[in-house]
Amino acid sequence: APIANASSSVMLSCARVSAMLMLAASSTQAAVARAATVETYEVRLEAQSLTHDTSDARTFAQRWLVNLTYWNEGEGPIFFYTGNEGPIEAFWEGNGFLRSLAPQFHAGVVFAEERYYGQSVPPVEYGYELTASLILADYAAVLRRNFSGVPIIAFGGSYGGTLATFFRASYPDVVAGAIAASAPIGYYDPARWAEFNVTADTFAEIIADAYRDCGAAIAGAVAAVRGTDVDSLVDVFFGVCSADALYGNSTDPAALFQYALESLPQLNYPYPVDGLPASPCGVVCETLNNAAARDDHDLVAAAANVTRMAFAAGSDECLPAFSEGPGGVPGDGPGLGSWGYQSCTETLHQFSSHTVVRSYSFNASAQRAICAELYDGVVPNTSALTAMYGGYDLPTTVTNVFWSNGLLDPWHGGGFFESDFPDSPNLFCVMPNGAHHLDLRGPRADDPPDVTACRAAETAAIETWLAAWREDRLGRASVLQELSEERGAGVASSNAAARVE
């Protein structure tokens, strides 16, 4: 899989995307205008089966967001966001591209909230019934009950992109196609990492590349933080609520700063987003390099400013401790909370880091021990998702999926690329200037051209899938009509024969 310093020939491996660049650029202003047309939503609650077992009557209230303003009811498609780990309204705000397409396709827009997140949390006495297969069963049930007989296009980013892929693979009768952005499915298939030039350090190495202009300053800042009195770090510099926030799951007071550095590359967007400045990794390097030219006091202050920029931009409140993250597995892992539980069952990434940002070696036994203690004997099954859905086999076993990856995003190391699967029936897009699922954000006039081109290719793919779905439906309707006519002719013939007798 390409990494951030890949050659231009690999980064532009999707020739179909490049060929559409002129069309995409000419339609940018129209897309920007459309992005403002589906802003509001109706909140609906659906009684959802806890286990999708007919012998189990337990249910919970699942939340989903709906806008049917432009929907051609009964015929138009439903654009469905496969909600992932967080409150669903946050994904509504971050997925303007999906919403911008609704007028063009006369589509309804539906966002479903993943169970155990936001307001879709089952009663505590039910414990955790939280697996990818149950999440997808929820989504299939919502769509079958409310939107049967119309084409469904799934959209998802990050784990949501993983779910969108699995949704199409598991429920092809429900989902006509899937846009899967920044879906790091390969990271769940370590048995085949070597085939795709992936290692346990790939995620961390892509992160370190984002800071290639300030590696020495990062090393100096980490050392300066470690050499500073902890009370000063808490009260004077970082503004955390307690020392626990600095240490996280470690004995290193620099863990929170390192976690901030690991978190920012996937948010390295070319314009300000959610309180972060444009190109935040560049801001980090400028901040740390300037401080390194002075003294350790300024370096610690700079490290604290970077940390607060990442986690508390614009806030004067103290920063509480994270339930997972600092000092733990890169990319987040076991801990309290729903994602911590998922990491203790299906989604644990076997990542290490041996870079200027952090030194960390993945230890499976240690992670199993953490999970067993937190969740009464539960231990991770790191092969579960690959065994169920296919891992690196998916590009050649599923159809009608469009995978996109941004090369600024460390999750692209586990993504799927056309250069690795030249015979795949699916579509791929690479964005050299894209961070984490930037193509799913609302179109802007100042988007990088490669991101605009990727959206144009995704739009074309949706058109193709919908046309094929309608053609298939017409074909099936024609066959049913012929069968009906044949049955009618047979009945008429029998009646005539009876009259003769």
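For the structure itself, look to the data block above.
Anyway, here's the lowdown on the structure attached to this text.

1. Topic: the packing of helix α8 (residues 132–146) against helix α9 (residues 159–170)
Item 1. At a minimum axis distance of 10 Å, the contact between α8 and α9 shows a crossing angle of 70°. Taken together, the axes of α8 and α9 lie roughly perpendicular to each other. Once α8 is placed against α9, the crossing between them reads as right-handed. On α9, the residues that touch A132, I135, L136, Y139, A140 and L143 of α8 are Y159, L163, F166, F167 and S170.
Item 2. By residue class, the composition of the contact of α8 with α9 is 10 nonpolar, one polar and no charged.

2. Section: the pattern of salt bridges
Item 1. Taken as a whole, this structure holds 16 salt bridges when the rule is applied.
Item 2. Close ionic contact of R58 with D56 constitutes a salt bridge, the shortest N to O distance being 2.9 Å.
Item 3. Here D446 and R444 are joined by a salt bridge, their closest N and O atoms 2.9 Å apart.
Item 4. Connected via shared salt-bridge partners are R63, E89 and E113.

3. Some details on helix α11 (residues 215–226)
Item 1. With 12 residues, α11 extends 17 Å from end C-alpha to end C-alpha; this agrees with the ideal 16 Å at 1.5 Å per step.
Item 2. Each element contacted by the buried residues of α11 is listed here: α12 (230–238), α14 (255–263), α15 (280–292) and α16 (296–311).

4. Concerning the layout of surface pockets
Item 1. There is about 1400 Å³ of room inside the largest pocket.
Item 2. Taken together, 43 residues line the largest pocket, and the ones lying closest to its centre are E85, Q266, L267, D332 and H436.
Item 3. Sorting the residues of the lining of the largest pocket by element identifies α5 (88–94), α14 and α16 as the ones contributing at least two each.
Item 4. If you tally residues by element for the lining of the largest pocket, the top one is α5, at four residues.
Item 5. Of the residues in the lining of the largest pocket, the class split is 23 nonpolar, 13 polar and seven charged.
Item 6. Here the second largest pocket is characterised by a volume of approximately 370 Å³.

5. Details of the side chain of T386
Item 1. Note that T386 resides in helix α19 (residues 384–389).
Item 2. In contact with T386, not counting residues within four places along its chain, are Y188, D189 and G391.

6. Some remarks on the side chain of T307
Item 1. By the element assignment, T307 lies in helix α16.
Item 2. The contacts of T307, once residues within four sequence positions are left out, are F238, L256, F257, A260 and A312.

7. Details of the nonpolar core
Item 1. Counting 101 residues, the largest nonpolar core has F167, Y211 and F238 as its most contacted members.
Item 2. Residue contributions to this core peak at eight residues, all from α8.
Item 3. Once residues within four sequence positions are removed from consideration, F238 is found in contact with V225, L233, L246, F257, V300, A303, A304, T307 and R308.
Item 4. Core analysis: the next-biggest nonpolar cluster, separate from the first, contains 37 residues, F97, F105, F155 and C429 among them.

8. Re the pairing of strand β9 (residues 401–406)
On a regular strand, each side chain points to the face opposite its neighbour's, so the side chains alternate between the two faces of the sheet.
Item 1. Most of β9 sits out of view: six of its six residues are buried.
Item 2. What you see with β9 is no split at all: V401, W403 and N405 on one side and F402, S404 and G406 on the other are buried throughout.
Item 3. Summarising the sheet, strand β6 (residues 177–181) and β9 pair through four bridges and their orientation is parallel. In the strand pairing of β9, A181 is matched with S404.
Item 4. Judged from the five bridges that link them, β9 and strand β10 (residues 427–431) form a sheet pairing that is parallel. If you follow N405 over to β10, its bridge partner there is V430.

9. Let's talk about unusual backbone geometry
Item 1. Look at D332: it is not a glycine, yet its phi comes out positive at around 80°.
Item 2. Taking relative accessible area as the criterion, D332 reaches 19% and is therefore assigned buried.

10. Digging into the environment of E262
Item 1. Along the chain, E262 falls in helix α14.
Item 2. Along the sequence, E262 and I207 sit 55 residues apart, while their C-alpha atoms lie 6.3 Å from each other.
Item 3. When neighbours within four sequence positions are excluded, E262 is seen to be in contact with I207, P330, V357 and R358.

Rules and cut-offs
Residues numbered from 1 in each chain as written. Predicted model: local features only at pLDDT ≥ 70, side-chain atom pairs only at ≥ 80, totals over all residues. Heavy atoms only, no water. Axes fitted to C-alpha atoms, helices over the stretch in contact; angles between N-to-C directions. Helix = DSSP H or I, 4+ residues; strand = E, 2+ residues; numbered from the N terminus. Parallel < 35°, antiparallel > 145°, perpendicular 65-115°, else oblique. Left-handed = near helix turned anticlockwise from the far one by under 90°. Contact = heavy atoms within 4.5 Å. Nonpolar A, V, L, I, M, F, W, Y, C, P; charged D, E, K, R; others polar. Salt bridge = Lys/Arg side-chain N within 4 Å of Asp/Glu carboxyl O. Expected span 1.5 Å × (residues − 1). 1 Å grid on protein atoms, 1.4 Å probe; cavity = no way out; pocket = protein on both sides within 12 Å on 5 of 7 lines; lining within 4 Å. Points joined across faces, edges and corners; volume = space filled by probe spheres on them. Core = buried A, V, L, I, M, F, W, Y, C linked by side-chain atoms within 4.5 Å. Buried < 20%, exposed > 50% of the residue type's maximum accessible area, 1.4 Å probe, protein only. Pairing = 2+ DSSP bridges.

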